[in-house]
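# Observations on the model geometry
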Amino acid sequence: MTADFTDFLIPDTAVSVAGLTDYIRLLLEQDEQLRQIWVIGEVSSANNHRSGLFFTLQDPDGQAAIKCVVWNGQLPKLMQRPTVGEQLIVLGSIRLYPARGEYQLSVWQALPAGVGLQALRYQQLRNRLEAEGLLDPQRKRSLPFHPQTIAVVTSPTAAAWGDIQKTLKQRYPGLHVLFAPATVQGEQAPESIVKAIERVEKDGRAEVIILSRGGGAVEELACFNDERVVRAVANCTIPIITGIGHQRDESLVDLVADENVHTPTAAAERVVPALADLYNQHQKRVVSLQQAVQRELETADNQLQGLRERLQRLRLDKQVQQQMQALIWRRQKLVQITSVKLQQATQHLEMLRQKLTTLDPKAVLQRGYAVVRQEDGMIVRNASELAMGQELVIQLDQGEVKVRVTEVIKPPRRQGRQDLHG
């Protein structure tokens, strides 16, 4: 019965090796994940061939390996050429080699892993930051000379925090220090540092921020090359000084900070001046000021003495005396002229007064004369202007009299040129 089943099944289901291989190739090469995939491993072997470079990538523990190929046209484009013993991250796609029934990774790009990868990421991020102008020295701000409130971002358990407190207390007693605790190592460090900076900004009291850590290995300081931390420092509205405690390589945070020093203690020393130094500077300024005032006094005294001697040579007292005599003489002359002018004016005024008295109509009336007016107030000057029965007003020196015309006596005709017919 088994033989009959086998005879029935094999002819309908058996495929060729090529068919099976082609089926597997389609499964591998059409898979979206495998068409573009990153793989990390150690190069265990590498052989140059006329068509390209063939190498094997394996896990560090040797439990798994995959064959890889970089064709000659792609080799110049690699960031890192595969070398035995190196850790690499490669980008490629899975391809099946039908002749051997083997699959391999066709590599497009190879990047250094481990420390090399960190260096590459560091350089790429630095290039982006530089292109954005965040590394430009002109955008860096000066630290305040006499801050009254500063903030410190570091780990509460780190020695850096103790060093900073000690240094600040020695150099500038009474300074107000705000502590913003943060994790400064490990995967949680970038987010913790960013949030600590945000808290200080939101508080608004700090005039400067110290971002610090007490050194460590390269991998322990990776958070200070994290893009989130770098941008938080670059965009902070408060000036920031870094004292991360390493002297070999600058972190990206150091490059974007307003100032950077190598140790937490140096950061504290840079942020605040020492009171002893301020006192010495003050004393020097006092001495300099006293010397400057003394020099000015001596210069002014010399100038005054020179002017005094010049006045003595000019004999201004004699000139003043002469001018005073001339002024007295002019005054006397002015008084004389004024007196004569006043006397002449008085005489002329008296003459005008007498003339005015003579012409005064009231004076004429006082001598017995009268003024005859018509009822409308017009003065009567000619008898021919009057009519019989007309009422007139006669103004006397004392009072007035109303009269009526009973007779008009016309004045005699003046003798003149005789008429031709007369």
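Rules behind the numbers
Residues numbered from 1 in each chain as written. Predicted model: local features only at pLDDT ≥ 70, side-chain atom pairs only at ≥ 80, totals over all residues. Heavy atoms only, no water. UniProt positions renumbered as here; feature names shortened; annotations may be inferred. Patch = residues over 30% accessible without salt bridge, like charges linked within 9 Å, V, L, I, M, F, W, Y side chains within 5 Å. Areas by Shrake-Rupley, 256 points an atom, 1.4 Å probe, with all protein chains shown as cover. Salt bridge = Lys/Arg side-chain N within 4 Å of Asp/Glu carboxyl O. Helix = DSSP H or I, 4+ residues; strand = E, 2+ residues; numbered from the N terminus. pLDDT = per-residue confidence, 0-100. Contact = heavy atoms within 4.5 Å. Expected span 1.5 Å × (residues − 1). Axes fitted to C-alpha atoms, helices over the stretch in contact; angles between N-to-C directions. Parallel < 35°, antiparallel > 145°, perpendicular 65-115°, else oblique. Left-handed = near helix turned anticlockwise from the far one by under 90°. Nonpolar A, V, L, I, M, F, W, Y, C, P; charged D, E, K, R; others polar. Pairing = 2+ DSSP bridges. 1 Å grid on protein atoms, 1.4 Å probe; cavity = no way out; pocket = protein on both sides within 12 Å on 5 of 7 lines; lining within 4 Å. Points joined across faces, edges and corners; volume = space filled by probe spheres on them. Buried < 20%, exposed > 50% of the residue type's maximum accessible area, 1.4 Å probe, protein only.

An unreviewed UniProt entry annotates the protein chain as Exodeoxyribonuclease 7 large subunit of Fischerella thermalis CCMEE 5318. Under the heading Subunit (unreviewed entry), UniProt records this for the protein chain: "Heterooligomer composed of large and small subunits." Recorded under Subcellular location (unreviewed entry), the UniProt text for the protein chain is reproduced unchanged: "Cytoplasm".

## Remarks on a nonpolar patch on the surface
A cluster of nonpolar residues, L311, L314, L316, V320, M324 and L327, forms a patch on the protein surface that exposes about 540 Å² of accessible area. Contributions of two or more residues to the nonpolar patch are made by helix 10 (275-314) and helix 11 (316-359). Of the residues forming the nonpolar patch, the biggest block, four residues, is contributed by helix 11. As for its position among the elements, L327 is in helix 11.

## A short note on the confidence of the model for the protein chain
On average, the protein chain scores 84 in pLDDT, and the residues at 70 or more come to 89%. Note on residues 418-422: pLDDT is under 50 here. Beyond four places in sequence and across chains, it has zero contacts.

## Focus on helix 6 (residues 189-203)
Here helix 6 contains 15 residues, and its C-alpha end-to-end distance of 21 Å stays within 8% of the 21 Å for a straight helix at 1.5 Å per residue. Looking at the packing, one finds that the buried side of helix 6 touches strand 6 (149-154), strand 7 (176-181), strand 8 (208-212), helix 7 (227-235) and strand 9 (240-243). Following helix 6 by one or two positions, G204 has its phi on the positive side, about 80 degrees.

## Here's the deal with the UniProt feature "coiled-coil region" (unreviewed entry) in the protein chain
Per the UniProt record, "coiled-coil region" (unreviewed entry) is found at residues 290-324. Taken end to end, residues 290-324 is 97% helix and 0% strand, and its first and last C-alpha atoms sit 46 Å apart.

## Re the packing of helix 6 against helix 7
Packing of helix 6 against helix 7 brings their axes to within 8 Å, and their N-to-C directions diverge by 15 degrees. With respect to each other, helix 6 and helix 7 are oriented roughly parallel. By crossing handedness, the relation of helix 6 to helix 7 is classed as left-handed. The residues of helix 7 that touch helix 6, namely those facing P190, I193, V194, I197 and E201, are R228, V229, A232, V233 and N235. Split into classes, the residues belonging to the contact of helix 6 with helix 7 amount to seven nonpolar, one polar and two charged.

## Remarks on the side chain of T149
With respect to the element layout, T149 can be found in strand 6. T149 has contacts with L175, H176, L178, R205, A206, E207 and V208, leaving out every residue within four places of it along the chain.

## Some words on the sheet that holds strand 1 (residues 37-48)
Two pairing modes exist for strands in a sheet, parallel and antiparallel, and in both the strands are linked by backbone hydrogen bonds. As summarised here, the arrangement of the five strands in space is 1-2-3-5-4, forming a closed barrel in which the pairing is mixed. On average, each strand axis in the sheet is inclined to that of its neighbour by 50 degrees, with strand direction left out of account. The sheet contact formed by strand 3 (residues 65-71) and strand 5 (residues 102-112) spans two bridges and is parallel. Note that in strand 5 the partner of C68 across the bridge is L105. Set on the sheet, helix 2 (residues 17-29) makes contact with strand 4 (87-97) and strand 5; between it and strand 4 the angle comes to about 140 degrees.

## A short note on the layout of surface pockets
Empty space left among the atoms is revealed by rolling a probe the size of a water molecule over them. Of the voids in this model, the second largest pocket is the one considered here, and its volume is about 350 Å³. Lining the second largest pocket are 17 residues, with F54, K67, V69, R100 and Q104 positioned closest to its centre. At four residues, the largest contribution of residues to the lining of the second largest pocket is made by strand 3. Looking at the lining of the second largest pocket, its residues break down into seven nonpolar, six polar and four charged.

## Some remarks on the sheet that holds strand 12 (residues 391-395)
Taking strand neighbours across the sheet as the criterion, the three strands line up as 11-12-13 in an open arrangement whose pairing is antiparallel. Each edge of the open sheet carries a strand with a single partner, namely strand 11 (371-374) and strand 13 (400-404). Within the sheet, the average angular offset between the axes of one strand and its neighbour, ignoring direction, is 30 degrees.

## Things to note about the packing of helix 5 (residues 159-171) against helix 9 (residues 264-271)
Taken N-terminus to C-terminus, the directions of helix 5 and helix 9 make an angle of 30 degrees; their axes are 8 Å apart at the nearest point. Here helix 5 lies roughly parallel to helix 9, going by the angle between them. Remark: the crossing between helix 5 and helix 9 carries right-handed chirality. Note on element contacts: helix 9 touches helix 5 through P264, T265, A268 and E269, opposite A160, D163, I164, T167, L168 and R171. Tallied by class, residues from the contact of helix 5 with helix 9 come to five nonpolar, two polar and three charged.

## Considering the pattern of salt bridges
Taken as a whole and assessed by the stated rule, the structure comprises 14 salt bridges. A salt bridge links D258 to R141; the shortest N-O distance between them is 3.0 Å. Residue D258 is located in the loop between helix 8 (252-256) and strand 10 (259-261), and its partner R141 is located in the loop between helix 4 (115-131) and strand 6; the two are separated by 117 residues in the primary sequence. For R141, a relative accessible area of 30% translates into the label partly exposed. Bridged by salt links that share partners, the residues R128, E132, E227 and R231 form one connected network.

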